[in-house]
Structure formats: C-alpha cells, structure tokens
Amino acid sequence: MSDYIDGFSGPFRAASPPAEAVALLAASCRTWGELADAARRCTACPDLVRSRSTVVVGDAPRGSRLVLVGEAPGAEEDLSGRPFVGRSGRLLDELLAEAGLDRGEVAVLNVVKCRPPGNRTPRAAEQANCSGWLDRQLGILEADLICTLGLPAMQRFLGRALSLAAARGRVHDVAAGRVLATYHPSAALRFGPRGAPRAALQEDLRTVAALLAQP
Ligand code: URA
C-alpha cells in the first residue's frame, strides 16, 4: 500500500517524498476518471487530510479550450466537491458571462485540491505534493489557454520573479502551455465593485475571450 494514496501499490510505495509518489501515480493515469479516482484517495498532506471533507478534483467539461486555475477550495467547495461555487465562484461566473465565456465550457481547477484549514494559503510543500495531479490534468485536457487566478496560481506557472500586477493580462509561453495571469475573484470582492482588481479581472477575461476567438 502506498503511504500517500490509499489503495495503491507498486512503485508509488517506494517513491518519497510524497510529491514524487503523487507525480508517479498521476502520470500513470490515462483518463480524467482514473485520475479523479486516484486523487480522491490522496493522503499526501496530513493537515489537509484532517481538514478536508472531500477532494475537489475540478470541473473538466469535454473539449474545454480554456482552463482556469485557482488556489484551493474554500468552505463551500469543500462541502459540494466542486470548484468555485462560493462567493468568489459566483462573481467569476458573472464576469465570465460578461466576457462572453460559458462556465459550462471551461475547465476549472485549483493548485491544491483540498481545503486548507481556515482557508490559509496552501504551504509550499502542499502545493508541491499536489503538483503531479495538476500537471496530469493539464496533459489530459490539452487546452489552448491556461488562465491563473491569483498569486499562488500565477507563481505555480510563472515563478516568483514577476508581480501579479506586472504579469497579468498578457500571454506567457511556458512549459505548461500558454498562460495568462489575472487576479483572484476574492481580491475583486475584497476591493469592491469599483476596485482595481475587479476592473483588471474583467479586462483580462475579455482578453481571454478574444484570444480564444482567434483562429
Ligand atoms: N478559491 C479558489 O481559489 N478556488 C476555489 O475553488 C474556490 C475559491
């Protein structure tokens, strides 16, 4: 039995630290369903295993050309098992629709799949442990564009050299694909309807829609 994923044996047992065990197992998943089954049994992060009620694997409508990547599930996501269904999610849906994007056609994932206690920012080790799941999800989806929401998701793809203000709103070609970074909807909620993060998020989602409309 693997120390990190319940019910799995084989090379995953020998791999250590947990990030390597997850990456090995995730890379062996051929389909979204296989990956979702395995990820739901992940026990790589002891604090998150204690605090979660479910693993929020993500939404992946067939043929999604756009992947949104947030930080980690919050309380409502943890209860429902779906990403971005709370206050942030409702604002995100509104701004997607306003940009002409249909949430039903967009894949929605998180850097970390389990709710951190008290909604704290996921620790570096937790982000590393979950990285294999996200890499494989992106490999299975083969979308045209990844749009990151908030700083941890941006740093996951673009590193720490750029600020979000400097990186946002334009395409970065990186190993994972074409990445456009923008603010997290929770920042838009925090600064209010007339705050800069909401305007930037709105503008960036319009840019995303324009990029997807290009032949
Ligand atoms: N915030 C996130 O980053 N992800 C969610 O799924 C919900 C809120």
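Structure first, text after, so check above.
Residues numbered from 1 in each chain as written. Predicted model: local features only at pLDDT ≥ 70, side-chain atom pairs only at ≥ 80, totals over all residues. Heavy atoms only, no water.

Participant: Quick one: what's the story with the overall build of the chain, residue by residue and with numbers?
Facilitator: The helix and strand inventory of the chain stands at 11 helices and five strands. The principal-axis extent of the C-alpha atoms belonging to the chain is close to 50 × 40 × 35 Å. Residues counted as buried form 50% of the 215 residues belonging to the chain. Here the contacts in the chain between residues at least 6 apart in sequence split such that 67% fall between residues at least 24 apart. Total accessible area on the chain is roughly 9,900 Å²; 51% of this is exposed by carbon and sulfur atoms. Separation between the mean location of the 26 positive side-chain charges and that of the 23 negative ones in the chain comes to 3 Å. (Helix = DSSP H or I, 4+ residues; strand = E, 2+ residues; numbered from the N terminus. Buried < 20%, exposed > 50% of the residue type's maximum accessible area, 1.4 Å probe, protein only. Contact = heavy atoms within 4.5 Å. Areas by Shrake-Rupley, 256 points an atom, 1.4 Å probe, with all protein chains shown as cover. Lys, Arg positive; Asp, Glu negative; His and termini not counted. Charge placed at Lys NZ, Arg CZ, Asp CG, Glu CD.)

Participant: I'd like a rundown of the site of the ligand, residues and numbers included.
Facilitator: Near the ligand, the surroundings consist of Gly70, Glu71, Ala72, Pro73, Glu77, Pro83, Phe84, Asn110 and His184. Note that an oxygen atom of the ligand is positioned 2.7 Å from one of the backbone N or O atoms of glutamate 71. Looking at the shell around the ligand residue by residue, the classes come out as four nonpolar, three polar and two charged. (Near = heavy atom within 4 Å. Polar contact = N/O pair within 3.5 Å; in protein donor to acceptor, adjacent residues only side chain to side chain. Nonpolar A, V, L, I, M, F, W, Y, C, P; charged D, E, K, R; others polar.)

Participant: Explain unusual backbone geometry to me, using residue names and the numbers behind them.
Facilitator: Of note, the phi angle at asparagine 119 is positive, near 60 degrees, even though the residue is not glycine. With respect to the element layout, asparagine 119 can be found in the loop between strand S2 (107-110) and helix H7 (124-141). Positioned with a positive phi, glutamate 142 is a non-glycine residue whose angle comes to about 50 degrees. Of note, glutamate 142 is situated in the loop between H7 and strand S3 (145-149). Assessed through its relative accessible area of 66%, glutamate 142 is described here as exposed.

Participant: With reference to specific residues and values, describe the nonpolar core.
Facilitator: In terms of nonpolar packing, the biggest core is built from 38 residues, with Val69, Trp133 and Phe157 touching the most fellow members. Taken together, the elements giving at least two residues each to this core come down to helix H2 (18-27), helix H3 (32-39), strand S1 (66-70), S2, H7, helix H8 (151-158), helix H9 (164-167) and strand S5 (177-182). Other than its neighbours up to four places away in sequence, valine 69 contacts Leu109, Asn110, Val111, Leu134, Ile146, Cys147, Thr148, Leu149, Ala153 and Phe157. Of all hydrophobic cores here, the second largest spans 22 residues; its members include Leu68, Leu91, Leu92 and Leu95. (Core = buried A, V, L, I, M, F, W, Y, C linked by side-chain atoms within 4.5 Å.)

Participant: With reference to specific residues and values, describe the pattern of salt bridges.
Facilitator: Overall, the coordinates contain 17 salt bridges when judged by the stated rule. A salt bridge links glutamate 98 to arginine 206; its shortest N-O distance comes to 2.6 Å. Pair noted here: glutamate 98 is in helix H6 (residues 87-98) and arginine 206 is in helix H11 (residues 196-213), with a separation of 108 residues, a long-range link. Note on glutamate 98: relative accessible area 38%, which makes it partly exposed. (Salt bridge = Lys/Arg side-chain N within 4 Å of Asp/Glu carboxyl O.)

Participant: If you had to explain the sheet that holds S2 to someone new, which residues and values would you point to?
Facilitator: Reading across the sheet, the five strands line up as S2-S1-S3-S5-S4 and stay open at both edges, with mixed pairing between neighbours. Unpaired on one side and paired on the other, S2 and strand S4 (171-174) mark the two borders of the sheet. The mean angle between the axes of side-by-side strands here comes to 30 degrees, regardless of whether they run parallel or antiparallel. The pairing of S3 with S5 spans four bridges and is classified as parallel. The residue of S5 that forms the bridge with leucine 149 is threonine 182. (Pairing = 2+ DSSP bridges. Axes fitted to C-alpha atoms, helices over the stretch in contact; angles between N-to-C directions.)

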